[in-house]
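Here is what each chain is made of, one letter per residue.
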Amino acid sequence: MRLLSSQPASTEPGHLSTEPRPAGADQRYLLPLTLLLATAVSSQAADVTQVLKGLEDRYNNSQTLQLNFTETYTQRGRARVERGELFLRKPGKMRWQYTAPAGKLFVSDGKFIYAYTPQDGRAEKMKLKEADDMRAPLAFLLGRLHFADDFREYRSHAEGEGLFITAIPKSDKLPYSEVSFLAMPDSTIRRLEVKAQDNSTLQFTFDSERRNPAIPETLFRFMPPPGVEYVDSSNQP
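Conventions used here
- Residues numbered from 1 in each chain as written.
- Predicted model: local features only at pLDDT ≥ 70, side-chain atom pairs only at ≥ 80, totals over all residues.
- Heavy atoms only, no water.
- Helix = DSSP H or I, 4+ residues; strand = E, 2+ residues; numbered from the N terminus.
- Polar contact = N/O pair within 3.5 Å; in protein donor to acceptor, adjacent residues only side chain to side chain.
- Contact = heavy atoms within 4.5 Å.
- Salt bridge = Lys/Arg side-chain N within 4 Å of Asp/Glu carboxyl O.
- Buried < 20%, exposed > 50% of the residue type's maximum accessible area, 1.4 Å probe, protein only.
- Pairing = 2+ DSSP bridges.
- Axes fitted to C-alpha atoms, helices over the stretch in contact; angles between N-to-C directions.

## Brief notes about the side chain of Ser-234
Moving on, step 1. Relative to the assigned elements, Ser-234 resides in the segment after β12 (229-232).
Moving on, step 2. There is a polar contact of 2.4 Å between the side chain of Ser-234 and the side chain of Asp-232.
Moving on, step 3. Once you skip the residues sitting within four places of it in the chain, Ser-234 turns out to touch Phe-112, Lys-125, Met-126 and Lys-127.

## Let's talk about the pattern of salt bridges
Moving on, step 1. Tallying each qualifying case throughout the model produces eleven salt bridges.
Moving on, step 2. Among the salt bridges present, the one from Lys-53 reaches Asp-57, with a minimum N-O distance of 2.9 Å. Within this pair, Lys-53 and its partner Asp-57 are both found in helix α1 (residues 25-60), separated by four residues, close to a single helical turn.
Moving on, step 3. The partly exposed category is assigned to Asp-57, whose relative accessible area is 36%.
Moving on, step 4. Across the pair Arg-80 and Glu-82 runs a salt bridge, and its minimum N-O distance is 3.3 Å.

## Thoughts on the environment of Arg-95
Moving on, step 1. Within the element layout of this structure, Arg-95 appears in strand β3 (residues 93-100).
Moving on, step 2. Each C-alpha atom, one on Arg-95 and one on Ser-108, is 6.4 Å from the other, the two residues being 13 residues apart in sequence.

## Section: the sheet that holds β3
Moving on, step 1. An order of β7-β8-β9-β10-β11-β1-β2-β3-β4-β5-β6-β12 is seen for the twelve strands of this open sheet, with the pairing classed as mixed. At either end of the open sheet lies a strand with only one pairing partner, and these are β7 (151-159) and β12. Each strand axis lies, on average, 20° off the axis of its neighbour in the sheet, ignoring direction.
Moving on, step 2. Pairing analysis gives eight bridges linking β7 to strand β8 (residues 162-169), with the strands arranged antiparallel. When the bridges of β8 are listed, Phe-151 appears paired with Pro-169.

This is how it looks when you write it as structure tokens:
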């Protein structure tokens, strides 16, 4: 039979004291922690606001952009990787010129989108605002980039030298549910991810960005090649 000691509980390191804490002791430790967390949250929010403003200033004050891209489309665990060169021109014009697969095009003239895939022998014309393609939002990188107008919530964390921000749109009627991007210290977007309503994702990695290069207007016009099936969906109600 083991006897209980009548000696007071040890206060040596590694032993828990059974003595009651003075009233308010927990609050004294909790208050600085709460203030620290509140300061960290406030600082993070300020960082996001500053980064978003830097992106708006850069892209809204650019007339043209030219950059290389790697596109990764993932659905149900399967990924498709494509590459090419992207040209952007204010307002809302873009040309995705693919090198892999070669010949593939995705062009916007600011009002309509034209998609052409040589392997399918088919080209399609769609209204920009009604296009169900997740690349369409990128047209607004030049001409109308105002995060406060389009998004209601932001989450962020540091990634390398940049800040990775996830933005939740105000509207739930868009083909995508969130847009995430890696913003660098020079206010460039290095990576952009668009999550669709069906949980598929479209990721773009950008490099070799050139600001305000001379880009001819003809790059944003599209004529279907001879013999290609051409579908005009822009007149559909």
